[in-house]
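Remarks on the overall topology
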Amino acid sequence: MGITVQDVSKQFGSFQAVDHVSLEVEAGSLVALLGPSGSGKSTLLRLIAGLESPDSGKILLTGEDATTRTVQERNIGFVFQHYALFKHLTVAENIGFGLKLRKANQTTIKKRVDELLELIQLAGLAKRYPNQLSGGQRQRVALARALAVEPNVLLLDEPFGALDAKVRKDLRAWLRRLHDEMHVTSVFVTHDQEEALEVADKIVVMNKGKIEQIGSAQEIYDHPKTPFVMGFIGPVNVVPSDSPLVKSMNSFGQDLFIRPHDIELLATPQEGASGFTIRRITHLGWEVQIELTAGYDHTITAHLNREEFDRLSPQVGQQVFVRTKDAKSFVADYSI
């Protein structure tokens, strides 16, 4: 089932949560709504689900107007950040709860629950209660419960936000594999850029109730259309127009946006390079972050892999020469 959002707006008091948003979600795709707090992503998800009603615009499911349909009529599965499992029900009973409400017979419920327990890799835990599970296991049960009624659309609101980093990473990979097996049209909300880049077919970047850009992970990262997108998706240096680095590139007085991995450090002066002093070195595991200053308040950071770091052997206080591999400029006003 495809989803079409047509010129939808939603206001809470004086706050414009969603501002004339239009969006197409292809049937069977996995789409991320990505943005900072207050950007409108969760409100948009709730509008698609039918948990909120738009002030204007339409929500279409498979080409049919569903704007005034209830949640039940839309046949949508919803997964919240905090699981919302029933504490007094077992894992199997939680998963089968929606089917029981629909008055499915016990044989049908058991068969579907067993299938989903295998799918979420918790077949041996059917009789446990939620308080006997880890956070990651509880979230998988919540996903299975949403899938049990065979929804046309699966919506996930910050599904891994309450989990620690290692569990989140494992569940991201698991969700991607699950989607590849089931092909349920899915939309998930996240403020985690890495999560969106790793999991989604398409990313919808939102800011202040509007869509800034829609595209694949590669399109969003390599070809950002606005300064906000470039600043929100991955680390970036915003280098002022009066920086010696900008002047050395003849950028005609425009500020430059440069990814840390696009900054090259040289031990000796070379054409197109300008001098900087190393202020701080931070080891980040597989890469090293170098903080650089040109003798005034503004600083930039460079990321080197371990091989580059070992070859250069930089030291705090050392002068190095900086050259950029890639840089972008934007004429429009921006804020990051």
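So, a few notes on the structure that sits alongside this text. The shown structure was predicted, so the numbers you read here are calculated from the model rather than taken from an experiment. (Residues numbered from 1 in each chain as written. Predicted model: local features only at pLDDT ≥ 70, side-chain atom pairs only at ≥ 80, totals over all residues. Heavy atoms only, no water.)

**Remarks on the packing of helix 6 (residues 135–148) against helix 7 (residues 165–182)**
The interhelical angle for the contact between helix 6 and helix 7, taken along N-to-C directions, is 20 degrees, at an axis separation of 11 Å. The pairing of helix 6 with helix 7 is recorded here as roughly parallel in orientation. The handedness of the crossing between helix 6 and helix 7 comes out as right-handed. Only Val167, Leu171, Trp174, Leu178 and Met182 of helix 7 make contact with helix 6, whose side of the interface consists of Gly136, Gln139, Arg140, Leu143 and Leu147. For the contact of helix 6 with helix 7, the per-class residue count stands at seven nonpolar, two polar and one charged. (Axes fitted to C-alpha atoms, helices over the stretch in contact; angles between N-to-C directions. Helix = DSSP H or I, 4+ residues; strand = E, 2+ residues; numbered from the N terminus. Parallel < 35°, antiparallel > 145°, perpendicular 65-115°, else oblique. Left-handed = near helix turned anticlockwise from the far one by under 90°. Contact = heavy atoms within 4.5 Å. Nonpolar A, V, L, I, M, F, W, Y, C, P; charged D, E, K, R; others polar.)

**A look at the pairing of strand 1 (residues 3–12)**
Alignment of strand 1 against strand 4 (residues 56–61), held across five bridges, turns out to be antiparallel. Note that in strand 4 the partner of Ile3 across the bridge is Leu61. Alignment of strand 1 against strand 2 (residues 15–25), held across seven bridges, turns out to be antiparallel. Paired with Phe12 across the bridge in strand 2 is Phe15. (Pairing = 2+ DSSP bridges.)

**Here's the deal with the layout of surface pockets**
Volume-wise, the largest pocket comes out at about 620 Å³. Residue lining of the largest pocket: 21 residues in total, with Val71, Ile76, Gly77, Phe78 and Val149 positioned closest to the centre. Put simply, the parts of the chain that give the lining of the largest pocket at least two residues each are helix 2 (71–74), strand 6 (76–79), helix 4 (97–101) and helix 6. Element by element, the count of residues in the lining of the largest pocket is highest for strand 6, at four residues. Of the volumes computed, that of the second largest pocket is approximately 320 Å³. Lining the second largest pocket are 13 residues, and of these Ala92, Glu93, Gln106, Ile109 and Val113 sit closest to its centre. Secondary-structure elements contributing two or more residues to the lining of the second largest pocket are helix 3 (91–95), helix 4 and helix 5 (106–119). Looking at the lining of the second largest pocket, the element that brings in the most residues is helix 5, giving six residues. (1 Å grid on protein atoms, 1.4 Å probe; cavity = no way out; pocket = protein on both sides within 12 Å on 5 of 7 lines; lining within 4 Å. Points joined across faces, edges and corners; volume = space filled by probe spheres on them.)

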